[in-house]
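The lines below spell out each chain.
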Amino acid sequence: MLGICRGRRKFLAASLTLLCIPAITWLYLFAGSFEDGKPVSLSPLESQPHSPRYTASSQRERESLEVRVREVEEENRALRRQLSLAQGRAPAHRRGNHSKTYSMEEGTGDSENLRAGIVAGNSSECGQQPVVEKCETIHVAIVCAGYNASRDVVTLVKSVLFHRRNPLHFHLIADSIAEQILATLFQTWMVPAVRVDFYNADELKSEVSWIPNKHYSGIYGLMKLVLTKTLPPNLERVIVLDTDITFATDIAELWAVFHKFKGQQVLGLVENQSDWYLGNLWKNHRPWPALGRGYNTGVILLLLDKLRKMKWEQMWRLTAERELMGMLSTSLADQDIFNAVIKQNPFLVHKLPCFWNVQLSDHTRSEQCYRDVSDLKVIHWNSPKKLRVKNKHVEFFRNLYLTFLEYDGNLLRRELFGCPSEADVNSENLQKQLSELDEDDLCYEFRRERFTVHRTHLYFLHYEYEPASDHTDVTLVAQLSMDRLQMLEAICKHWEGPISLALYLSDAEAQQFLRYAQGSEVLMSRHNVAYHIVYKEGQFYPVNLLRNVAMKHVGTPYMFLSDIDFLPMYGLYEYLRYHVWTKGHAPTNFAKWRTATTPYRVEWEADFEPYVVVRRDCPEYDRRFVGFGWNKVAHIMELDAQEYEFIVLPNAYMIHMPHAPSFDITKFRSNKQYRICLKTLKEEFQQDMSRRYGFAALKYLTAENNS
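First, a word on what this report is: a plain description of the structure on this page. Keep in mind the model is a prediction, meaning the values are calculated, not measured.

So, on to the overall build of the protein. The secondary structure content of the protein amounts to 23 helices and 27 strands. Element-wise, carbon and sulfur atoms account for 52% of the exposed surface of the protein, whose accessible area totals about 33,000 Å².

A word on the packing of helix α9 (residues 312-327) against helix α10 (residues 334-344). In contact at an axis separation of 9 Å, α9 and α10 are set at 100° when each is read in the N-to-C sense. It follows from the interaxial angle that α9 and α10 lie roughly perpendicular. Residues Trp-312, Met-315, Trp-316, Thr-319, Ala-320, Arg-322 and Glu-323 of α9 touch α10, and the partners they reach there are Ile-337, Phe-338, Ala-340, Val-341 and Gln-344. Along the lines of polarity and charge, the residues of the contact of α9 with α10 split into eight nonpolar, two polar and two charged.

A word on the side chain of Ser-481. Relative to the helices and strands, Ser-481 resides in strand β19 (residues 474-481). Overall, Ser-481 belongs to the buried group, its relative accessible area being 17%. Here Asp-483 takes part through its side chain, which lies 2.5 Å from a polar atom of the side chain of Ser-481. Those residues within four positions of Ser-481 in sequence are excluded, and the remaining contacts are Tyr-504, Leu-505 and Tyr-541.

Turning our attention to the pattern of salt bridges. The full count for this structure, using the stated rule, is 27 salt bridges. Between Arg-484 and Asp-483 there is a salt bridge, and its shortest N-O distance comes to 3.0 Å. You can call Arg-484 buried: its relative accessible area is 10%. Owing to a relative accessible area of 41%, Asp-483 belongs among the partly exposed residues under this scheme. The closest approach of N and O atoms between Asp-622 and Arg-624, which form a salt bridge, is 2.9 Å. Each member of the pair Asp-622 and Arg-624 is classed as buried. Beyond isolated ion pairs, a larger network of salt bridges with shared partners links Lys-158, Asp-408, Arg-455 and Asp-507.

Together, Asp-438, Glu-439, Asp-440 and Glu-445 make up a negatively charged patch on the protein surface. Tracing the backbone through its elements, the reader meets Glu-445 in helix α13 (residues 444-449).

This part takes up the nonpolar core. In terms of nonpolar packing, the biggest core is built from 101 residues, with Ile-173 and Trp-316 touching the most fellow members. When sequence neighbours within four positions are dropped, the list of residues in contact with Trp-316 reads Glu-207, Val-208, Trp-210, Ile-211, Leu-225, Val-226, Ile-337 and Val-341. Judged by nonpolar contacts, the second largest core, of 50 residues, contains Cys-618, Ile-636, Cys-677 and Leu-678.

Rules behind the numbers
- Residues numbered from 1 in each chain as written.
- Predicted model: local features only at pLDDT ≥ 70, side-chain atom pairs only at ≥ 80, totals over all residues.
- Heavy atoms only, no water.
- Helix = DSSP H or I, 4+ residues; strand = E, 2+ residues; numbered from the N terminus.
- Areas by Shrake-Rupley, 256 points an atom, 1.4 Å probe, with all protein chains shown as cover.
- Axes fitted to C-alpha atoms, helices over the stretch in contact; angles between N-to-C directions.
- Parallel < 35°, antiparallel > 145°, perpendicular 65-115°, else oblique.
- Contact = heavy atoms within 4.5 Å.
- Nonpolar A, V, L, I, M, F, W, Y, C, P; charged D, E, K, R; others polar.
- Buried < 20%, exposed > 50% of the residue type's maximum accessible area, 1.4 Å probe, protein only.
- Polar contact = N/O pair within 3.5 Å; in protein donor to acceptor, adjacent residues only side chain to side chain.
- Salt bridge = Lys/Arg side-chain N within 4 Å of Asp/Glu carboxyl O.
- Patch = residues over 30% accessible without salt bridge, like charges linked within 9 Å, V, L, I, M, F, W, Y side chains within 5 Å.
- Lys, Arg positive; Asp, Glu negative; His and termini not counted.
- Charge placed at Lys NZ, Arg CZ, Asp CG, Glu CD.
- Core = buried A, V, L, I, M, F, W, Y, C linked by side-chain atoms within 4.5 Å.

Next up, the structure:
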């Protein structure tokens, strides 16, 4: 049997609910990246006795260099000792945001620091390592569109957050889908010292839609061209990243490279590591014009203020119009146009060392960008094959990527000591609510769970569904954890309509689910199933939060509130669409149901928890109930208090699929304190009902006492 609730009310509102430290001058050695176009050793002490250039004079120079390196190492050790003493003596009144930090990681060895600054070549010059203010905000721009790209952005952001030591401001040029997903993700992630702004990518389409593009990124692959126009006019510089980037170092190191720009240099780029722009990949291959090998635009440093003064917008448009007369379309999206502009204006480019964009596409020279793991800075999966790309060290790169893919994002909610975060109303309210709880209360953990903010990734897989125009459509709503995953295929076979699911998973389990779903013909054939990942945190299963998440993102007028272990009868979706009432369900007279041929009304009774069809604007579930017990009962009570009528459908039913007892029901049965706390929460809920609904709510207390 199945119930439907019909409300007497016309309208219902859903209840949604430092330390100042003397600066140290680091000495480092600097020279060109390549010698005769070939990479050479990054070690300053490695000799090359068999080289024809290895003369007595160069031997003396190298020995002199070795002596200087040892001197610098000794100076650095002395400075570190002074630094530790200065930290101990620093007066309290000098703590603030005025000290500076350096782009290399503190605590790394001297030789490693020197190796990062030494690039072998025919000559060398000493220079000061550029500095980044301790609390200076680093600006990052990313173009993102669609469901899959949103997942890629999360992995990229994780790798940046893992290494970062500065405040971050992400500028996301996103379509409506990506904005909805990522806005919710960052709001629930609540990472300190991180700000996110969105820019409507759909409004920018007209700026680039006139450019034919063969690249798989489509029209969004051209939008980096209009960043000077899109981003705030007071933003002077920004790091622009593709979504398929993984950081292996602090992004502040890359930000510091802006200080190396000279003259009219406004673009920081790494040389392209494939032969694409050389035009020799196949017969009659005709790429866009480029300077030498050309440049890859997966990582770009943009000096926005200077670009605007140079009239960048006019510059790239004129170049694109001219080249398109002969090329007809772009093959590599914005990269082709950037390279055509650079070909005409080579002074615009500051060439970055290739470890800032190690390009893992087939047939590249990426292996020449590193000698050791410590040399890696940024990995770029710029092949359509992504993790299946051919590379001698691809297993290492793949494992690094998977590490961030499955890394617990909750661990990245760490404060940047000495850097004040912007005031966040939601965070402040949360802290206030938590501070009002009594930590000595035996039910403290239950109460605290109600206020826990769970990181949420909406629409984890592609979703596409347009509700029926007759306003009778209904979505099945359910929640599950990893141990119920095997039930998904059966439900999808029985229910052909739209489904909204909230899955309670860890980051690693989310990737297991992704692989499971992508390997299932049943699940991959369905585009009307919305999977919303609520990431694990705390010791309880937040069953009602999960239900609320799934309910909130229903796109049809009606919802069928179910559980994952109940299998709908075949044809139930179409049956419910022909039996439309305004709201939910209640205690069922089984004897009457067996013989009924028409829907009939029943009254609410204590402890009844039927599965119901309701309008989309019905009340949320009460989050105080977690784990096992009273989570659905309280919701049905709320519906009744709001004067919902309960109607039973005679020819509709669900089948319960047997399964092992859940962890939470096991705790309920074995833990006396668990049962005591549940009883306490029930009593408090009933008191809240009395305050909200007055005399009408007395029947719930009476029914509970009589049951």
